[in-house]
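Coordinates in review
Take a look at the letters that make up each chain.
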Amino acid sequence: MAHYDLEEQEQIDSLKTWWKMYGNLVTAVIAAAALVMVGWQSWHWYRNQQAAQAAALFAVLEQAVAAGDAQKIKTLAGQLTEQYASTSQAALGALLAARQSFAAGDLKTARMQLAWVAENGRDEMRDLARFRLANVLLDEKEFDEALKQLASAPAPAFAARFQELRGDVLVAQGNKPEARTAYRAALDLIGESAGVGIGRELLQQKLDSLGEAA
């Protein structure tokens, strides 16, 4: 029994020595891990709260859109972009508001709203905003700015539409050679896909209207 007591005492002494050497480090690591966990949980909770509040505000925005309340739409969309910029509802809200602004002839506001989504939106929403903004810029004859919006490659779903609109802008600039190239690229991207017959036909008409390359 004394032999086992001695062994246990040696183990205890070894543990005490080890703890004196590394105890502070172990405590610091545990504390840091706990802080990371608490921080992650707090951030997760915050993001959930933001998403829930943004969703509620977006629902009110949809009601304003249905009612055609232009001022309320503008205000609510502004709240979403200012207070809940990281949520998908902010980009969706800005797109909805931009559509209403454009329909009302308020191109300045539509540009601002679309530019926000083009800068802050994600994936397809960003590409959609760039496409719509380029259309607005084309209407305002700001051709170089429109081409800038179309310069970066979009998601594949928007590729043909970007090239076609690029062709439209180049035609408006009087740059027929590059317009032909853009229209041909759009036609190649469309290919023979089902369901795009009318779109392909109109695109072909645009290309044909430019005549043959010199």
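We now turn to the structure provided with this report. Model, not experiment: these values are computed from the prediction.

**Regarding the packing of helix 3 (residues 88-103) against helix 5 (residues 123-139)**
At a closest axis distance of 11 Å, the pairing of helix 3 and helix 5 adopts a crossing angle of 20°. Here helix 5 runs roughly parallel to helix 3, going by the angle between their axes. Helix-helix and strand crossings are classified by hand; for helix 3 and helix 5 the assignment is left-handed. On helix 5, the residues that touch Ser88, Ala91, Leu92, Leu95 and Phe102 of helix 3 are Met125, Leu128, Ala129, Arg132, Val136 and Asp139. Taken together, the residues of the contact of helix 3 with helix 5 sort by class into 8 nonpolar, 1 polar and 2 charged.

**As for the environment of Glu119**
Among the secondary structure elements, Glu119 is positioned in helix 4 (residues 107-120). Taking C-alpha positions, Glu119 is 8.9 Å from Arg130, a pair spaced 11 residues apart along the chain.

**Digging into helix 7 (residues 156-173)**
The terminal C-alpha atoms of helix 7, which comprises 18 residues, lie 26 Å apart, in line with the 26 Å expected from a rise of 1.5 Å per residue. Taken residue by residue, helix 7 has Phe158, Ala159, Ala160, Phe162, Glu164, Leu165, Gly167, Val169 and Leu170 as its buried positions.

**Focus on the pattern of salt bridges**
Scanning all chains against the criterion turns up 7 salt bridges. Here Arg111 ties to Glu140 by a salt bridge, and the two come within 2.7 Å at their closest N and O atoms. Linking Arg111 in helix 4 with Glu140 in the loop between helix 5 and helix 6 (143-151), this pair joins segments that are 29 residues apart in sequence. The partner of Arg111 in a salt bridge is Glu142, and the shortest N-O contact between them spans 2.7 Å. Here Arg111 is found in helix 4, whereas its partner Glu142 is found in the loop between helix 5 and helix 6, with 31 residues between them in sequence. Within this structure, Arg111, Glu140 and Glu142 form a network of salt bridges that share partners.

**Some points on the packing of helix 3 against helix 4**
Where helix 3 contacts helix 4, the axes come no closer than 8 Å and their chain directions differ by 160°. By the angle class used here, helix 3 and helix 4 are roughly antiparallel. Regarding helix 3 and helix 4, the two cross each other, and that crossing is left-handed. Facing Ala90, Ala91, Ala94, Leu95, Ala97, Ala98, Ser101 and Phe102 of helix 3, the residues of helix 4 in contact are Leu107, Thr109, Ala110, Gln113, Leu114, Trp116 and Val117. Classifying every residue of the contact of helix 3 with helix 4 gives 12 nonpolar, 3 polar and no charged.

**Things to note about helix 2 (residues 70-83)**
Helix length check: helix 2 (14 residues) gives 20 Å between terminal C-alpha atoms against 20 Å at 1.5 Å per residue, within 8%. Those residues of helix 2 not exposed but buried are Ile73, Leu76, Ala77, Gly78, Leu80 and Thr81.

Rules used throughout
Residues numbered from 1 in each chain as written. Predicted model: local features only at pLDDT ≥ 70, side-chain atom pairs only at ≥ 80, totals over all residues. Heavy atoms only, no water. Axes fitted to C-alpha atoms, helices over the stretch in contact; angles between N-to-C directions. Helix = DSSP H or I, 4+ residues; strand = E, 2+ residues; numbered from the N terminus. Parallel < 35°, antiparallel > 145°, perpendicular 65-115°, else oblique. Left-handed = near helix turned anticlockwise from the far one by under 90°. Contact = heavy atoms within 4.5 Å. Nonpolar A, V, L, I, M, F, W, Y, C, P; charged D, E, K, R; others polar. Expected span 1.5 Å × (residues − 1). Buried < 20%, exposed > 50% of the residue type's maximum accessible area, 1.4 Å probe, protein only. Salt bridge = Lys/Arg side-chain N within 4 Å of Asp/Glu carboxyl O.

So far we have only geometry, and geometry alone does not tell us how the molecule works.
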